[in-house]
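Each chain is listed here by its residues.
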Amino acid sequence: FFMEKKTMTSRGSPAQKSRQSRNLQMRAAAVGCLSATALGVVLMGLLALAMSAGRVPIWATKGIGLLLGCVLAAAAAFFCARCSGQNGFFLGLLCAAILFSVCFLISLSLGETPSLRALVKLFSMLICGCVFGSIGVNIHSGKRV
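Here is what the cut-offs are and how they apply
Residues numbered from 1 in each chain as written. Predicted model: local features only at pLDDT ≥ 70, side-chain atom pairs only at ≥ 80, totals over all residues. Heavy atoms only, no water. Helix = DSSP H or I, 4+ residues; strand = E, 2+ residues; numbered from the N terminus. Buried < 20%, exposed > 50% of the residue type's maximum accessible area, 1.4 Å probe, protein only. Contact = heavy atoms within 4.5 Å. Areas by Shrake-Rupley, 256 points an atom, 1.4 Å probe, with all protein chains shown as cover. Expected span 1.5 Å × (residues − 1). Arc of directions from axis to C-beta. Phe/Tyr/Trp six-rings, centres within 6.5 Å; stacked < 30°, edge-to-face > 60°. Core = buried A, V, L, I, M, F, W, Y, C linked by side-chain atoms within 4.5 Å.

Enquirer: What am I meant to see in the overall build of the protein chain here?
Expert: The secondary structure content of the protein chain amounts to 5 helices and 0 strands. The buried share among the 145 residues of the protein chain stands at 26%. In the protein chain, of all internal contacts separated by at least 6 residues, the share reaching a separation of at least 24 is 78%. Accessible surface, the protein chain as shown: approximately 10,000 Å² in total, 70% of it carbon and sulfur.

Shown next as structure tokens:
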């Protein structure tokens, strides 16, 4: 009797499988966002060095910020999709939305006023997240059977 009950619980109910899948996706989103944040720190440091050396004009920082946001959303979505292995489109969308929200809240706390440029940045980051999340799921490793 106990063996039979143990084997039934080891398979897991649909609710347990759903919870495990959700936990895997949340963990993958955290890995993607944290890896993109680390990449962002490095890229922002390089940008600061280039600006202090006088190689980047001040007027170019808005465009570079848009490009940097897209690169970070793409990296987050790619790493998240590779970690999860499924739902790359939606996880990429989620990672891009999280990164945009954090950046938007930081810019508001620094005194920036919301503008149309923020909406352009949101949509471009979401598109990059969706595309690179899909790419991350569909890239296969070099191991062929």
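Enquirer: Even after reading the chapter, I still don't get helix α4 (residues 88–109), so can you show me in this structure?
Expert: Compared with the 32 Å implied by 1.5 Å per residue over 22 residues, the 31 Å span of α4 between its first and last C-alpha is a close match. Among the residues making up α4, those that are buried are G88, L91, G92, C95, A96, L99 and F100. End-on view of α4: buried residues confined to an arc of 165°, all on one side of the axis. For α4, the exposed residues lying more than 90 degrees away from the buried face are F90, L105 and S109. On its buried face, α4 sits against α2 (14–52), α3 (61–84) and α5 (116–138).

Enquirer: Looking at this structure, I do not really get the packing of aromatic side chains. What am I missing?
Expert: Between two aromatic rings, the relevant description is the distance of the centres plus the angle of the planes. The tally for this structure, following the rule as stated, stands at 3 aromatic pairs. Taken together, a centroid distance of 6.0 Å and an interplanar angle of 70° make the contact between F78 and F79 edge-to-face. Judged by relative accessible area, which is 23%, F78 ranks as partly exposed. With a centroid separation of 5.5 Å and 15° between ring planes, the pair formed by F100 and F104 is classed as stacked. Of this pair, F100 and F104 both sit in helix α4, 4 residues apart, roughly one helical turn.

Enquirer: What am I meant to see in the nonpolar core here?
Expert: Nonpolar side chains tend to gather and get buried jointly when the protein is soluble and globular. A76, C80, C95, L99 and M125 are the most contacted members of the largest nonpolar core, which totals 17 residues. Elements supplying a minimum of two residues to this core: α2, α3, α4 and α5. If near-sequence neighbours (up to four positions away) are discounted, C95 is found in contact with A29, C33, A76, A77 and C80.

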